[in-house]
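# Breakdown of the fold
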Amino acid sequence: MEGVLHAEWRGEPAPDGMRWLVVDLRGRSHLSIEADARAVDPEAAEGTKIDLPKVMEYIKAPQLLHVVVDGEHGYARDGERGSLLDEPALLPDRT
């Protein structure tokens, strides 16, 4: 993940001595459930199971996402300035 530093973000200057860190944060779900293979392949043998990918909601994302700068100082995201949902859905087929 890469971030870009800005002296101003969306018309608001960063606090004195600081800059805004803007990141493009993405995630992919690795959650799956065991399902009957015939749900995907009608010709699968009866009793055959497959792992079916599932969407996963990142519950409490606002409280769990932080940036650690220089290995010492940590900062929580400012939800009012970002577009990340409070419980973003991580899709199994996206990166």
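Read on for an overview of the structure. Nothing here was measured: the structure is a model prediction, and the numbers come from that model. (Residues numbered from 1 in each chain as written. Predicted model: local features only at pLDDT ≥ 70, side-chain atom pairs only at ≥ 80, totals over all residues. Heavy atoms only, no water.)

### A closer look at the overall build of the chain
In terms of regular secondary structure, the chain is built from one helix and 10 strands. What you see in the chain, going N to C, is helices and strands ordered as β-β-β-β-β-β-β-α-β-β-β. Its C-alpha atoms give the chain a radius of gyration of 20 Å, clearly above 12 Å, the size a compact globule of 95 residues would have. Seen through its C-alpha atoms, the chain measures out along the principal axes to roughly 65 × 30 × 20 Å. Going through the 95 residues of the chain one by one, you find that 11% of them count as buried. Within the chain, residue pairs in contact and separated by at least 24 positions form 41% of the contacts whose partners lie at least 6 positions apart. (Helix = DSSP H or I, 4+ residues; strand = E, 2+ residues; numbered from the N terminus. Rg over C-alpha atoms; globule rule 2.2 N^0.38 Å. Buried < 20%, exposed > 50% of the residue type's maximum accessible area, 1.4 Å probe, protein only. Contact = heavy atoms within 4.5 Å.)

### Describing the pattern of salt bridges
Counted under the stated rule, the structure contains one salt bridge. Residue Arg38 is joined to Asp36 by a salt bridge in which the shortest nitrogen-to-oxygen separation is 3.0 Å. The class for Arg38 is partly exposed, based on a relative accessible area of 38%. (Salt bridge = Lys/Arg side-chain N within 4 Å of Asp/Glu carboxyl O.)

### Structural notes on the pairing of strand β8 (residues 66-69)
Both β8 and strand β9 (residues 73-76) contribute to a ladder of four bridges, which runs antiparallel. Across the sheet, the residue bridging to His66 is Ala76, located in β9. The turn joining β8 and β9, which pair antiparallel and follow one another in sequence, is formed by three residues; a positive phi near 50 degrees is taken by Asp70. (Pairing = 2+ DSSP bridges.)

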